[in-house]
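# A look at the structure
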Amino acid sequence: MIAVGPDRIAEAQARIAGRVRRTPLAPSPSLSARAGAPVLLKLESHQATGSFKLRGATNAVLSLSQEARQRGLVTASTGNHGRALAHAAKAEGVRAVICMSALVPANKVEAVRALGAEVRIVGRSQDDAQEEVERLVREAGLTAVPPFDHAEVIAGQGTIGLEIAEARPDAELVLVPLSGGGLAAGTAMAVKSRLPRARVIGVSMERGAAMHESLRAGRPVLVEEMETLADSLGGGIGLENRYTFAMCRDLLDEIVLLSEEEIAGGIRHAFTAEGEIVEGAGAVGIAALLAGKVEVKGPTVVVVSGRNIDEALHGSIVNAAAGEAVSPGGYTP
Ligand SMILES: *Cc1c(COP(=O)(O)O)cnc(C)c1O
């Protein structure tokens, strides 16, 4: 059974057209020169709300029944999904409650509040936040829109893959940031349905790579959540995972893991060489190329997934000399 196939992604593309941006696919001369093949950046960092998550959230909201919209929506989020859902819900005049753990950076919390959503801070992990979501579903009749393990969310993220295949039918490799796997599953399904010979590689951080650990174990497993520059890639995949685990297992050709220094290098390169402000999670594809951790043979597309990074942290990273350590929480003096 294919829960999210090419047709569902094409439906999502028609449904969300005009509500999300068709983001630029920008050639990178510096990365192309290093790789010896054309490298293009799919700049989801230019999406409204600053990340691709608006695609999945918008598709999920537009797919709801009228009754469900009237009761309101709830989700747990490390920030970007909450922000996207708040934006999508507001556009449709729907109430949204966003539950987050205390580890979520302050800039992301404020961004959600500014969009008019209710924020609830609960516990210190994604799992604690998720328990609160389930309580609100049971006791207040809200509808949960989870960040990745949801068919309409995956289909919405998959529209990135359709845009890539439409713009570059010669693409041979696509690099996708990987956490819960909604982005990677949807993008890989769309890319491979149109370009069967293209490879798709997921990129995660070494510190708490939940999908990687789960695929190695052959089933979803719990992974300790740690601070990382790629904070949007933190959190588990859910022990009751329904879609993304199987899709990532079947569709991803490889997973690459990065150190914190390598991720910092990606953020720095995005700013100094490409003129782009990119958060840690958004920079992992660039970082994987810079680290020489993927084999590039032909036209390569790097999904740059988001731009929502604390300004002071960003400044400390781009101003640090290459190789100098930058810790996720603090700033290098
Ligand atoms: C959520 C997110 C990811 C990871 O997406 P998944 O679908 O959870 O794998 C990557 N980058 C950014 C900026 C994100 O917000």
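Residues numbered from 1 in each chain as written. Predicted model: local features only at pLDDT ≥ 70, side-chain atom pairs only at ≥ 80, totals over all residues. Heavy atoms only, no water.

## Re the overall build of the protein
Inclusion rule: Secondary structure elements follow DSSP: runs of H or I no shorter than four residues count as helices, runs of E no shorter than two count as strands, and numbering proceeds from the N terminus. All radius of gyration figures rest on C-alpha atoms, and the globule criterion is 2.2 Å times the number of residues raised to 0.38. The classification of residues rests on relative accessible area computed with a 1.4 Å probe and restricted to protein chains. Under 20% of the type maximum is buried, over 50% is exposed, and intermediate values are partly exposed. Any two residues having at least one pair of non-hydrogen atoms within 4.5 Å are treated as being in contact. Every accessible area reported is derived by Shrake-Rupley at a probe size of 1.4 Å, with residue values counting cover from the shown protein chains alone. In this count, Lys and Arg are taken as positive residues and Asp and Glu as negative ones, while His and the chain termini are left out. For the purpose of locating charges, the reference atoms are NZ of Lys, CZ of Arg, CG of Asp and CD of Glu.
Regarding its fold elements, the protein presents 14 helices and 10 strands. Taken against the 2.2 N^0.38 rule, which gives 20 Å for 333 residues, the C-alpha radius of gyration of the protein at 18 Å falls within 12% of a compact globule. Along the three orthogonal principal directions, the C-alpha set of the protein runs to about 55 × 50 × 40 Å. Expressed as a percentage of the 333 residues in the protein, the buried residues total 59%. Taking contacts inside the protein between residues at least 6 apart in sequence as the whole, the part at least 24 apart equals 72%. A total of about 13200 Å² of accessible surface is found on the protein, and carbon and sulfur atoms cover 49% of it. With 34 positive and 39 negative side-chain charges, the protein shows a separation of 4 Å between the mean positions of the two kinds.

## Some remarks on helix α10 (residues 210–217)
Within α10 the residues assigned to the buried category are Ala210, Met211, His212 and Ser214. In the core, the buried residues of α10 are packed alongside α11 (244–251) and β9 (254–258). Gly218 lies just past α10 and shows a positive phi near 85 degrees.

## Thoughts on the packing of helix α9 (residues 182–194) against α11
Operational definition: Only the contacting stretch of a helix is used when fitting its axis, a line to C-alpha atoms as for every element, and angles between N-to-C directions run 0 to 180 degrees. Note that the term roughly parallel is reserved for angles under 35 degrees, roughly antiparallel for angles over 145, roughly perpendicular for angles of 65 to 115, and oblique for everything else. The sense of a crossing depends on the near helix, which, turned anticlockwise from the far helix by less than a right angle, makes the crossing left-handed and, turned clockwise, makes it right-handed. Following the grouping adopted for this structure description, the nonpolar residues are Ala, Val, Leu, Ile, Met, Phe, Trp, Tyr, Cys and Pro, the charged ones are Asp, Glu, Lys and Arg, and the polar ones are all others, Gly among them.
Here α9 crosses α11 at 45 degrees, and the two axes come no closer than 9 Å. Relative to α11, α9 is oriented oblique. Viewed along their axes, α9 and α11 form a crossing whose handedness is left-handed. Residues Gly182, Ala184, Ala185, Ala188, Met189 and Lys192 of α9 pack against Thr244, Met247, Cys248 and Leu251 of α11. Tallied by class, residues from the contact of α9 with α11 come to 7 nonpolar, 2 polar and 1 charged.

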